[in-house]
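# Observations on the model geometry
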Amino acid sequence: MTVRPIRAVLSLSLFAAATLAQAAAPGSPAAAVNVFIGTGGDGHTFPGATRPFGMVQLSPDTQVRHFRQSYPWAAGYRYEDTSILGFSHTHFSGSGHSDLGDVLLMPTSGETKLEPGYPERPFSGYRSRFSHDEEKAEPGYYAVRLKDNEVDVELTASERVGLHRYRFAKDASAKLILDLRQSIYDYSSKNLWSRLRVRDATTLTGMRETRGWAPGRQLYFAVKFSRPMSARQLHNREEAVEYRGFAAPGKTPADKVLVEGKALVAALEFGSSSDNTLLVKVALSPVSEDNALANLEEMPGWDFEGERARASQAWNEALSKVQAEAPEPMRTMFYTALYHSMLAPSLFMDRDGRYRGPDNQVHQARGFNFHSTFSLWDTYRALHPLLTLVAPEKRNADFVNSLIAAQQHSSHGILPVWSFHGLETWCMIGYHAVPVIADAYLKGIKGFDADKALAAMTASAEYGPYGGLEHYMKLGYVPIDREPEAASKTVEYAFDDWTIARMAEKMGKKEIAATYYKRAQNYRNVFDRETGFIRARKSTGEFRTPFNPVQSNFGSDYTEGSAWQYSWYMPHDNAGLIAMLGGDAALSAKLDQVFDAKVEDNVYAHMEDISGLIGHYAHGNEPSHHVAYLYNYAGAPWRTQERLAHIMATQYYNRPDGLSGNDDLGQMSAWFAFTALGFYPVAPGSNEYVIGRPFLERAQLNLPNGKRFTVRAEGLSEANRYVRRVLLNGKPLARSYLKHEDIVAGGELVFTMGATPNKDWGKERTARPYTQTAYQP
C-alpha cells in the first residue's frame, strides 16, 4: 500500500519538469492563449494538441455516451469531469452535433483492463482520474498526470501525425490500450467495421468505418512505438455474432497478427525501461493503411521537444498575423478567439495529395490541399471573412478549391452544406459555400478557377430537390406546407443568391447577375408588414397561422430560432428592411425591443442552441450575430456601440465556461475577434465591414499581401465606450464602415473614444453601409 504514493510523488516531479520547461515563450501570442476557454458550459471546444487547420486533433476524452446524451461531450472533453477515458486523434471544435473520437489510446500500468469502467467508480476500468492542478495545455501541446494509472502524458502534433510521450513510474511495466470501439456521439451499432494489423514489433495499422453523422466514414491509421512490444493481445469483443466465418490463424488474442470486426481493442505491453518512457506516433489517412504509414514520414525520429517547439512555432506564426495590445483578460480572450478561428476547415489529404470526397471515393488533388470540416451555416458569416485577412492567400484558395472539388465529386452535383472528412452530413440549411466563394473572389483572392466556381454556385442554387428549392424558384419563397423551416430557408437562400449576383456581375456575366439579383429580393415575400416579422407562407400564398413570434421548435417556421431572431436576416438589403418597417426610427425601436425584452427562462429552454440571451437576442447562436450592428444602417452607430459593450461583457469570459454557446468551428470566436478590432462583416460579399467600436488598445494586422493595417483606440476605457471620432490614414472618416480595400492597402485606423456618444457620426445616409436597394429619404 505504500508503493503507489511513492510512485505518485516521483511522477509528479517528472510531470512538473517536463511540462514547465518548454512552455511557449512569455509574451508570445501562443502563450496568451487559454485553450480551456469553451471546454466547459456549452462551448464544446477541446484542449488538446493540433496545428493550424491540422488533420489531427489529439485530445483527451472524458466521457463517451449514447448520442442522445452526448451533447455536453461534443468535443470529447468536458472541464467539469474528473476522469479521462483516453486520448483520441480527431475532434470538432465547438460543434453543436458531433462525431469522431477516432483511435483512442490509454496508457496504463498494473492489471490489464479491456473495458473503460465508470467515472463514478475508480479502478473499475482503464479510465483514470486526473486533476486540473496536474494538467497543462497551450497551442500544440497538452499534458496531464493520470492519477490512477500512474502515468504522465504529453501530447503534440504535426499536421497528420499525433505524438504521445508517456512517463511511467519507476520499474513499472508500460502498457497501452488501443480501443476502436469508442466514438463521440456513440451508439451500439455505429461501428460498421474495423481492423487491426501487426506490421512488426513496433508498428500497427488499421482502419474504422462508422455510421455516424457522416455515414460510411472511413479512417485509416498507422501506429509506431519507440520500443518494441513485449506482449500483445488483439480482441474482437463483439457478442452474438450470427456468422463468424472460418477461423483465421492464431488461436488466442496473443497469437493474432490481424483481427477484424466491430468491437476491436488491443492490450499492448512494452515492459520497463531505464527512462520509464514510451513514445507513440499515430498517423491518419483518409485513403489506406499504407498511406497512413507514408504519412508517418511527416514526423521522422522521436524528438518530442523538437515537435512541440515546431508546433508552438507554427501557432506563433499563425497568431502573429495580428499583434494585439490590451490589458488582461482582453488580450488572452482575443488570442484565444483567434486560435479557435484557426482550427477549421481542417486538412484532409495525404502527403501524396490523395483524399476522399463526398462520393466516398479516393481522388487526387492537383495544385491545392484538400480541406474538409466546413460548418458553413455558421462560418460563412465571420470566420471565412476573418481568414481572408489573417490566413495566407494559398490557404483561402485551398478552401475554395476544396469546395469546388467536392461539388464535382458530389452525386448531387452541389457544393458542401456541412461536410467533414470529405463526406456530406446534410446538417443545417442554405447553400452557404456560395458566399464563402463569392467573398474570396470579390476580395481578389487568386488560385482558383472562377468559371468553375460560378458554375458550382449556380448548380447548387438551382438543385430543386434540395431544401425546397424547386418551390423557391417557382414561388419566390419556400412554402411551409411543403418544407419545414421555410421562413429561414427563404431569407438565407435570398442572401446566398445575392452573393452569386455580386460575383457574376464582377465577372461580366450580366444575365446570371440579373437573375440572382432578382432572387435576392425574395426575402420580401416572407416579410409580413402587418406584424413586422419574417413569417412562413403556405404554397397557396397566405401566412401560416396561428403566429407567435417567440415560438421556436425544430422543424418549425425557423431554423434554431424564432421570428424575433430571424426577422433581421436580409444583411444585403437592410435599406429594404428599414423601408418595410417604416423608417430609421422604426428599425431602431424594434431592435430595442429585441435587446430590452423581458424573456422568461422557459421561453427558449427547450432549444439547446438558443443561448446567450439578451432579451430575444441570442448570441449563442448565429442568426443573431449581425443584429447589434444594424443600428448603423439606421444612422445610429452609437447604439451599436452600446449593444456591443454589453455583449462583450456578458457573453465571453476567460474561464472554461467562457463562451455563451457552441463555438461552432470558430464562428463565435471570429465574431469576438472582429468585434474586438472594431468592425464586422455584416454582409460577406459586400467588401465592407461595419464599424462598431474597438476593445483593443492597439492591433496590427500583418496582411497576406505583406502590408500592415493598424487599429488604435485612443482613450479606451470601460467608461469611454463611445466612438467620438474616426481617422483613416490621418483623415476624418465620415462613413460608418470600412472598405476591404482600405484594409488591404495598409494604413492606420484611429478611434478616439469618449464617455458620451457622438450622435452625428454616421447619421447621414451617404455614410451608411452598402445595401442592395437605396436608402429612402
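Residues numbered from 1 in each chain as written. Predicted model: local features only at pLDDT ≥ 70, side-chain atom pairs only at ≥ 80, totals over all residues. Heavy atoms only, no water.

### Regarding the nonpolar core
Counting 225 residues, the largest nonpolar core has Phe 87, Phe 334, Met 503, Leu 738 and Leu 749 as its most contacted members. When residues in this core are grouped by element, the largest group, 11 residues, is from helix H12 (residues 486-506). With sequence-adjacent residues up to four places away left out, Phe 334 is seen in contact with Val 322, Ala 324, Phe 672, Ala 673, Ala 676, Leu 677 and Leu 696. (Core = buried A, V, L, I, M, F, W, Y, C linked by side-chain atoms within 4.5 Å. Buried < 20%, exposed > 50% of the residue type's maximum accessible area, 1.4 Å probe, protein only. Helix = DSSP H or I, 4+ residues; strand = E, 2+ residues; numbered from the N terminus. Contact = heavy atoms within 4.5 Å.)

### Thoughts on the sheet that holds strand S25 (residues 423-424)
On the basis of which strands lie adjacent, the open sheet formed by 3 strands has the order S23-S24-S25 and antiparallel pairing. Across the chains shown, the open sheet's two edge strands, defined by having one partner strand only, are strand S23 (374-375) and S25. By the bridge criterion, 2 bridges tie strand S24 (residues 418-420) to S25 in an arrangement that is antiparallel. Paired with Ser 419 across the two strands is Glu 424, which belongs to S25. (Pairing = 2+ DSSP bridges.)

### Focus on the environment of Asp 99
Mapped onto the elements of the fold, Asp 99 is located in the loop between strand S3 (86-88) and strand S4 (104-108). When its relative accessible area of 0% is taken as the criterion, Asp 99 is described as buried. In this structure Asp 99 touches Phe 92, Ser 183, Ile 184, Tyr 185, Lys 190, Gly 212, Trp 213, Ala 214, Arg 217 and Phe 420, once residues within four positions along its chain are discounted. Polar side-chain contacts of Asp 99 include one of 2.7 Å to the side chain of Lys 190. Here Trp 213 takes part through its backbone nitrogen, which lies 2.9 Å from a polar atom of the side chain of Asp 99. (Polar contact = N/O pair within 3.5 Å; in protein donor to acceptor, adjacent residues only side chain to side chain.)

### Here's the deal with the pairing of strand S31 (residues 688-691)
What you see with S31 is no split at all: Glu 688 and Val 690 on one side and Tyr 689 and Ile 691 on the other are buried throughout. The pairing of S31 with strand S36 (residues 737-739) spans 3 bridges and is classified as antiparallel. Counterpart to Glu 688 in the pairing with S36 is Lys 739.

### Notes on the sheet that holds strand S12 (residues 203-211)
Taken in spatial order, the 9 strands make up an open sheet running S6-S7-S8-S9-S17-S13-S12-S11-S15, and their pairing is antiparallel. Each edge of the open sheet carries a strand with a single partner, namely strand S6 (135-138) and strand S15 (258-261). Taken over all neighbouring pairs, the strand axes of this sheet differ in orientation by 15° on average, direction set aside. Pairing of S12 with strand S13 (residues 215-225), which is carried by 9 bridges, proceeds in the antiparallel orientation. (Axes fitted to C-alpha atoms, helices over the stretch in contact; angles between N-to-C directions.)

### Remarks on the packing of aromatic side chains
One pass over the full model with this rule turns up 37 aromatic pairs. Taken together, a centroid distance of 5.7 Å and an interplanar angle of 45° make the contact between Trp 213 and Phe 420 tilted. Of the two residues, Trp 213 sits in the loop between S12 and S13 while Phe 420 sits in strand S24, which places them 207 residues apart along the sequence. Grouping residues by exposure puts Trp 213 and Phe 420 together as buried. Ring centres of Trp 498 and Tyr 770 lie 5.6 Å apart, and the angle between their planes is 40°; on these two criteria the pair is classed as tilted. Highlighted residues: Trp 498 in helix H12 and Tyr 770 in the segment after strand S37 (747-754), separated in sequence by 272 residues. Judged by its relative accessible area of 21%, Tyr 770 is partly exposed. Connected via pairs of aromatic rings, a cluster forms that spans Tyr 629, Tyr 652, Trp 671, Phe 672, Phe 674, Phe 679, Tyr 680 and Tyr 689. For the cation-ring pair, Lys 590 lies above Trp 564, with the distance from its terminal atom to the ring centre recorded as 5.7 Å. One cation-aromatic arrangement involves Lys 759 over Trp 638; the distance from NZ or CZ to the ring centre is 4.6 Å. (Phe/Tyr/Trp six-rings, centres within 6.5 Å; stacked < 30°, edge-to-face > 60°. Lys NZ or Arg CZ within 6 Å of the ring centre and 35° of its normal.)

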